[in-house]
Amino acid sequence: MSTRTSALDAVVFGVDIQSGDVRGDAPSYALAVYDGDGVTRDVVTHRKLRRLIDDEEPAIVATDNMYELAADKDQLIHFLGSLPADTMLVQVTGAEQPEPLSRVAKRHGVPYGKDPMQEAEAAARLAAHNVGHEVSAFTDTTEVKVSRGRSTGSGGWSEDRYTRRIHGSVKKRAREVESELEDANLAYEREVREAYGGFANAVFTVEARPQDIPVSRNRSGDVRVEIERERRDGIEFRPLAKRRDHVVVGIDPGTTTAVAIVSLEGEVLDVWSSRTSDTADVIEWIVERGRPVIVAADVTPIPETVEKFRRSFDAAGWTPDSDLPVDEKQHRTREQPYDNDHQRDAMAAALYAIDDHADQFDRIADKLPPGIDRGEVTARVVAGEESVEAVLTDLRDDGGGEDDEAAEHEPRELTEEEQRIKDLERQVERLQSHVETLEGRVEDRDDRIDELESELSLARREERTQVRKDREVNRLEQKANRLERERDEAREEVEDLEQKVERMKALWKLDHSNFSDVSAEKEGLVPVKVVEKFTKGAIREADEQYGIAGGDVVYIRDASGAGRSTAQLMAEFDPRVILKEGGLSEIADEILFEAEVPVGPADDVAMQEVDELAVAREDDVEAVIDDWHDRARERRKQRKASMVDQVISEHRAGDNEV
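Quick notes on the rules
- Residues numbered from 1 in each chain as written.
- Predicted model: local features only at pLDDT ≥ 70, side-chain atom pairs only at ≥ 80, totals over all residues.
- Heavy atoms only, no water.
- Helix = DSSP H or I, 4+ residues; strand = E, 2+ residues; numbered from the N terminus.
- Buried < 20%, exposed > 50% of the residue type's maximum accessible area, 1.4 Å probe, protein only.
- Contact = heavy atoms within 4.5 Å.
- Salt bridge = Lys/Arg side-chain N within 4 Å of Asp/Glu carboxyl O.
- Pairing = 2+ DSSP bridges.
- Core = buried A, V, L, I, M, F, W, Y, C linked by side-chain atoms within 4.5 Å.
- Patch = residues over 30% accessible without salt bridge, like charges linked within 9 Å, V, L, I, M, F, W, Y side chains within 5 Å.
- Areas by Shrake-Rupley, 256 points an atom, 1.4 Å probe, with all protein chains shown as cover.
- Lys, Arg positive; Asp, Glu negative; His and termini not counted.
- Charge placed at Lys NZ, Arg CZ, Asp CG, Glu CD.
- Axes fitted to C-alpha atoms, helices over the stretch in contact; angles between N-to-C directions.
- Parallel < 35°, antiparallel > 145°, perpendicular 65-115°, else oblique.
- Phe/Tyr/Trp six-rings, centres within 6.5 Å; stacked < 30°, edge-to-face > 60°.
- Lys NZ or Arg CZ within 6 Å of the ring centre and 35° of its normal.
- Expected span 1.5 Å × (residues − 1).
- Bend = angle between axes of the 7 residues up to and from the residue.
- Polar contact = N/O pair within 3.5 Å; in protein donor to acceptor, adjacent residues only side chain to side chain.
- pLDDT = per-residue confidence, 0-100.

The next point concerns the overall build of the chain. For the chain, the count of helices and strands is 17 helices and 21 strands. With 658 residues in all, the chain has 37% of them scored as buried. Looking at the chain alone, contacts between residues at least 24 apart form 62% of all its contacts between residues at least 6 apart.

The full count for this structure, using the stated rule, is 40 salt bridges. A salt bridge links R448 to E451; the nearest nitrogen and oxygen atoms lie 3.1 Å apart. Of this pair, R448 and E451 both sit in helix 13 (residues 416-510), 3 residues apart, roughly one helical turn. A relative accessible area of 41% means that R448 is categorised as partly exposed. Judged by its relative accessible area of 40%, E451 falls in the partly exposed class. The partner of R487 in a salt bridge is D488, with the nearest N and O atoms 3.1 Å apart. Judged by its relative accessible area of 39%, R487 falls in the partly exposed class.

Counting buried residues along strand 2 (residues 28-34), 7 of its 7 residues qualify, which places the element largely inside the surrounding structure. Alternating positions in strand 2 separate into two faces, S28, A30, A32 and Y34 on one and Y29, L31 and V33 on the other, with burial throughout. Pairing of strand 1 (residues 12-19) with strand 2 involves 7 bridges; the strand directions are antiparallel. Among the inter-strand pairings, V12 is bridged to a residue of strand 2, identified as Y34.

Let us now look at the nonpolar core. Core analysis: the biggest nonpolar cluster contains 37 residues, and V531, F534, I556, L579, L584, L592 and V621 have the highest contact counts within it. Those elements that place two or more of their residues in this core are strand 16 (525-533), helix 14 (536-546), strand 17 (553-558), helix 15 (564-573), strand 18 (577-580), helix 16 (586-594), strand 21 (613-617) and helix 17 (618-657). Leave out the neighbours within four places in its chain, and V531 touches A538, I539, A542, Y546, I548, V554, Y555, I556 and R557.

This part is about a negative patch on the surface. On the surface, E143, E189, E191, E207, E228, E230 and D233 cluster together to form a negatively charged patch. Residue assignment for the negative patch shows that the elements contributing at least two residues are strand 7 (188-195) and strand 10 (223-239). Top contributing element to the negative patch by residue count: strand 10, with 3 residues. Counting through the fold element by element, E230 comes out in strand 10. Exposure remark for E230: the relative accessible area of 39% places this residue in the partly exposed category.

A word on the packing of helix 14 against helix 15. At their nearest, the axes of helix 14 and helix 15 sit 9 Å apart, and the two run at 25 degrees to each other. As summarised for this structure, helix 14 and helix 15 are arranged roughly parallel, according to the angle between their axes. Counting all contacts with helix 14, which are made through K536, I539, R540 and D543, the residues of helix 15 involved are S565, T566, L569, M570 and F573.

A word on the packing of aromatic side chains. Evaluated as defined, the whole model comprises 3 aromatic pairs. Relative to W285, the ring of W272 lies with its centre 5.2 Å away and its plane at 20 degrees, an arrangement referred to as stacked. A residue pair is termed long-range when its members are at least 10 positions apart, and W272 in strand 13 (residues 268-274) and W285 in helix 6 (residues 279-287) qualify at 13 residues. When the ring centre of F593 is taken as origin, the NZ or CZ atom of R635, which lies over that ring, is 4.0 Å away.

Take the environment of A128 next. Secondary-structure assignment places A128 in helix 4 (residues 116-128). For the pair A128 and V12, spaced 116 residues apart in sequence, the C-alpha to C-alpha distance is 6.6 Å.

The mixed open sheet is built from 5 strands, whose spatial order is 13-12-11-14-15. Every interior strand has two partners, whereas the edge strands, strand 13 and strand 15 (316-318), have only one. Here the average twist between neighbouring strands, direction ignored, is 25 degrees. For strand 12 (residues 257-263) and strand 13, the ladder comprises 6 bridges, and the chain directions are antiparallel. Across the sheet, residue V262 finds its bridge partner in strand 13, namely V268. Helix-sheet contacts for helix 6 involve strand 11 (246-252), strand 12, strand 13 and strand 14 (291-296), and the interaxial angle to strand 12 is about 15 degrees.

Taking 1.5 Å of rise per residue, 27 residues should cover 39 Å, and helix 9 (residues 341-367) covers 39 Å from first to last C-alpha, within 8% of that figure. At H357, helix 9 shows its largest kink, close to 55 degrees. Two or three places before H342, at the opening of helix 9, N340 has a side-chain oxygen 3.1 Å from that residue's backbone nitrogen.

Mapped onto the elements of the fold, S273 is located in strand 13. Within the local environment of S273, its side chain forms a polar contact with the side chain of Q343, the two groups lying 2.9 Å apart. Excluding anything up to four places from it in sequence, S273 contacts T256, T257, A258, N340 and Q343.

Across the chain, pLDDT averages 82, with 86% of residues at or above 70. Ranking the helices and strands of the chain by mean pLDDT puts strand 4 (residues 60-63) first, with 94, and helix 12 (residues 404-407) last, with 34. Segment residues 1-7 is flagged for pLDDT under 50; beyond a separation of four residues in sequence, or across chains, it makes 23 contacts in the model. Note that pLDDT drops below 50 for residues 512-521; the model gives that stretch 4 contacts with residues more than four away or on any other chain.

Set out below in structure tokens:
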């Protein structure tokens, strides 16, 4: 049985139209469920059939005509895409040109009747015995698309931030998908469309089926993940039972082992290479694709590894007279696709072996009577070094034994099952000898594995210790860097503060005449407290920084905008004088005047500023104060005169009324 199905150990659905038509309304189906122990029969609707397939997930859904399940090609492709991952659709009557089901059933000894249920049962039994062709519309390549799960919108105050968040989420999920594909060791290609803040979408083309990919279809918030298998250009049919013809095998050994399978007619059937597969894997791959007549290499003498493969199959060996040049190998394989130089070398070896034996193959074919398997005779002549006549005689003897009368007749054609048994017996003989060799190798490898595991455990412990050390070193280095930065910043701050202290000392000495070390050159100066604006906030800030006390000289850089409460707050400090720049409001001027706080223009005083403080000449300050007092006396006189005039006016007004 083919390793692809193992259908005898699985559930097989046989299906046939019971009534109606798939192109019409509500067709019903005869359903025969075959599981090896027996057959269960039922008549179901199309919808129930689909539901049973989803629930039971049979290995095969078998029918004599695939278009009984779909009205046209598009519907058929949709049906194939909706099948569970491990369920295949099988047409038991053949591929593009199917035979009548009755003929196929008779050829394989399966009970058949014209009733739809009997036809469904016959289809199930045939598919369970690997009869028929798998119907496929998809390759083993899958597209995983990570994209936005919602629109980015068309405006608004936060559109940029909203768009950036969505694209950032797409980028994050794309990286997670890529990591999961890497962990699963899957081959893939990535195509990304970048956008503001991240990715608009990311498409991964993965060389695997959806069930083999560790990513599921979902939509969550800002991100949507879609999974879709790559469709073929049309419908493909693949036989369930593969015929193993005689072939020529080219092998290129080494770190990467490459194998090419070529038919006796010179057609390249398959090529493969791997860095991880061992001898058993290579032999299994070859056995699934044919029976080697010749095992060829592209160098001489034949490498030991290629010789082991040759002995495993009892095949003839072939090597060139001298190592094949690269340019000749490239020319010989120019019409064949290959993935790497190793596959090219394996193909070249097989094709040159075919060329070298072409005349011999033609002579063998010319001597064969009709009905004789050319591959079998060629294998025995080339590999077994027998003559064509001896092989033909032996084949006739196998067909008739010692009976002379029977020897005159041609050997009967083996049934498919008998031929299958004969092939398997030969395969068993070849593999048994190889198993003995492999068993010895397994013991050696087990010892080597134990040794390597011990070394690996030791290496891992050492690596973990080193990782911890590196992590601690990194942490300490980061801490040291941080402390150095803090130290440098602190030093700069200390320098600034030291300079400021020196300036503050000089000003403080000016304000405390009882210190004997005040230099003579600084006598006659007075400290000035600077206020940036005539506002309550600026006044309080200056008071918090260096204090404003009664008798201080206050310098206001911008006196405009002061109101009643601001003027009252300043008057409460009872400054000696206020030096201002800019105009002062009438209400503020009135409040300060009533509080007898002198106010004068700053331009009349020569000042020298040191940071937030300043110094001024005492004479200039006294002059401003004297000027204010003069203006205050004049202002009071005007106010009294105005009051007298008002009283006289009121008195006269009273007399007139009388």
